[in-house]
Amino acid sequence: MSKMSKNAKINILLVAVVAALAVLPVVLGLGDHKKEPFTGADAQAETAITEIDPEYEPWFSPLYEPPSGDIESALFALQAALGAGVLAYYFGLRKGRRQGEERARAEQAGKAEQVEQTGEAGKAEQPEQAHAPAPEGA
Amino acid sequence: MHIAEGFLPPAHAIAWSVASAPFIVQGVRSLSREVREHPESTLLLGASGAFTFVLSALKIPSVTGSCSHPTGTGLGAILFRPPVMAVLGTITLLFQALLLAHGGLTTLGANAFSMAIVGPWAGYAVYRLLKRYDVPLMVSVFFAAFVADLSTYCVTSVQLALAFPDPSSGFLGALGKFGSIFAFTQVPLAVSEGLLTVLVMRLLVQSSKGELTRLGVLVKKTATGARGKTETEAKA
């Protein structure tokens, strides 16, 4: 039991460090020196391209573009949710299977024990078997 | 690392697509072989793809005051070898190019080359190297994911610098410029990706020992360990 909780503790610690790495730059105001703090690096690269080569014109545009930033955010959230859903399904299925196997094993072990016990009991009662019905039937 | 649609000159766009194509073909083959020979892998393959899906959707603030996203390709590269990730990574990029206008079809080849090919291979190389020196599994996993993430963004910087060399300082000047946008921002995110990959690998070790052993990530300690020792002893 204590081993399980140690595992869980390490997992929670990992998540906490990741969360801290994401939150601290915002809390510490590390984007304050920028005109627009915390823009995407991908978008900054586009700006850098137009700085290096002001005449460059993108020669192809996306087939579909989310009509607003909010819809774009929703689609990003959808992408993350799809992935998280599949991951949760995987681990849930694994856990369920493991629990099922454990239960089946426990049941089998229990049955084996019962058989052993009734077997011994049966032997002991053999002489009287004609008179009394098997005890497990009762 | 998503180079936006139309932001690579046609010659570069075609060249990177041609460079990526054989890796993706190889990936499709190894993916279908894996599914055919080990149908029980399908679920874990799905989970590896899902991990990339989640991580590449998360734009996370970084110390440089910009946001960027991890790639999530290290995990699948460790589990199923890099060719499989060439496919799963490209599918993720295609989804983002078509639905999110993030990345693009003309830049798909270049983006696949950085995220779905170089990243997984670099991460896998680090993983194998550390494993050879008997580094603990979770440490190897961390550095594999870290390198897969960071190398992806380094490749993007090189791709952009090749396409847009600085008029005065040339390729190196442009590389410094794009590198400062991508690579430095990415360092803390690569750490996060390493930690998250370790987390998922820990959950896998707890839940899927059998599969990890079959995939060679976990080693059966008894037979192979003893044999390995006697071999090294014999060499010595």
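Below is a short write-up of the structure.

Rules of the game
Residues numbered from 1 in each chain as written. Chains lettered and ligands numbered in written order. Predicted model: local features only at pLDDT ≥ 70, side-chain atom pairs only at ≥ 80, totals over all residues. Heavy atoms only, no water. Core = buried A, V, L, I, M, F, W, Y, C linked by side-chain atoms within 4.5 Å. Buried < 20%, exposed > 50% of the residue type's maximum accessible area, 1.4 Å probe, protein only. Helix = DSSP H or I, 4+ residues; strand = E, 2+ residues; numbered from the N terminus. Contact = heavy atoms within 4.5 Å. Axes fitted to C-alpha atoms, helices over the stretch in contact; angles between N-to-C directions. Parallel < 35°, antiparallel > 145°, perpendicular 65-115°, else oblique. Left-handed = near helix turned anticlockwise from the far one by under 90°. Nonpolar A, V, L, I, M, F, W, Y, C, P; charged D, E, K, R; others polar. Pairing = 2+ DSSP bridges.

**Quick notes on the nonpolar core**
Formed by 42 residues in total, the largest nonpolar core has its most connected members in Leu44(B), Leu79(B), Met201(B), Leu204(B), Leu212(B) and Val217(B). Ranked by the residues each element gives to this core, the list is headed by helix H7 (residues 170–207) of chain B, at 9 residues. Once you skip the residues sitting within four places of it in the chain, Val217(B) turns out to touch Ile78(B), Leu79(B), Tyr127(B), Lys131(B), Leu137(B), Met201(B) and Leu212(B). Ranked by size, the runner-up nonpolar core spans 32 residues in total, among them Ala48(A), Tyr56(A), Ala13(B) and Ala163(B).

**Concerning the packing of helix H3 (residues 73–80) of chain B against helix H6 (residues 137–163) of chain B**
Residues and elements named next belong to chain B. For the pair H3 and H6, the least separation of the axes is 8 Å and the interaxial angle reads 125°. In terms of their interaxial angle, H3 and H6 are classed as oblique. Once H3 is placed against H6, the crossing between them reads as right-handed. In contact with Thr 73, Gly 74 and Ile 78 of H3, H6 contributes Val 141, Ala 144, Ala 145 and Ala 148. Its residues placed into classes, the contact of H3 with H6 shows 5 nonpolar, 2 polar and no charged.

**A few points about the sheet that holds strand S1 (residues 60–61) of chain B**
Strand order in the open sheet formed by 3 strands is S1(A)-S2(B)-S1(B), with mixed pairing between adjacent strands. In the strand order of this sheet, the two ends are held by strand S1 (39–40) of chain A together with S1 of chain B, each with one partner. Pairing of S1(B) with strand S2 (residues 66–68) of chain B involves 2 bridges; the strand directions are antiparallel. Counterpart to Ile60(B) in the pairing with S2(B) is Ser68(B). Lying over the sheet, H7(B) contacts S1 and S2 of chain B, oriented at roughly 55° with respect to S2(B).

Everything listed here is a matter of coordinates, which is why it stays silent on function.
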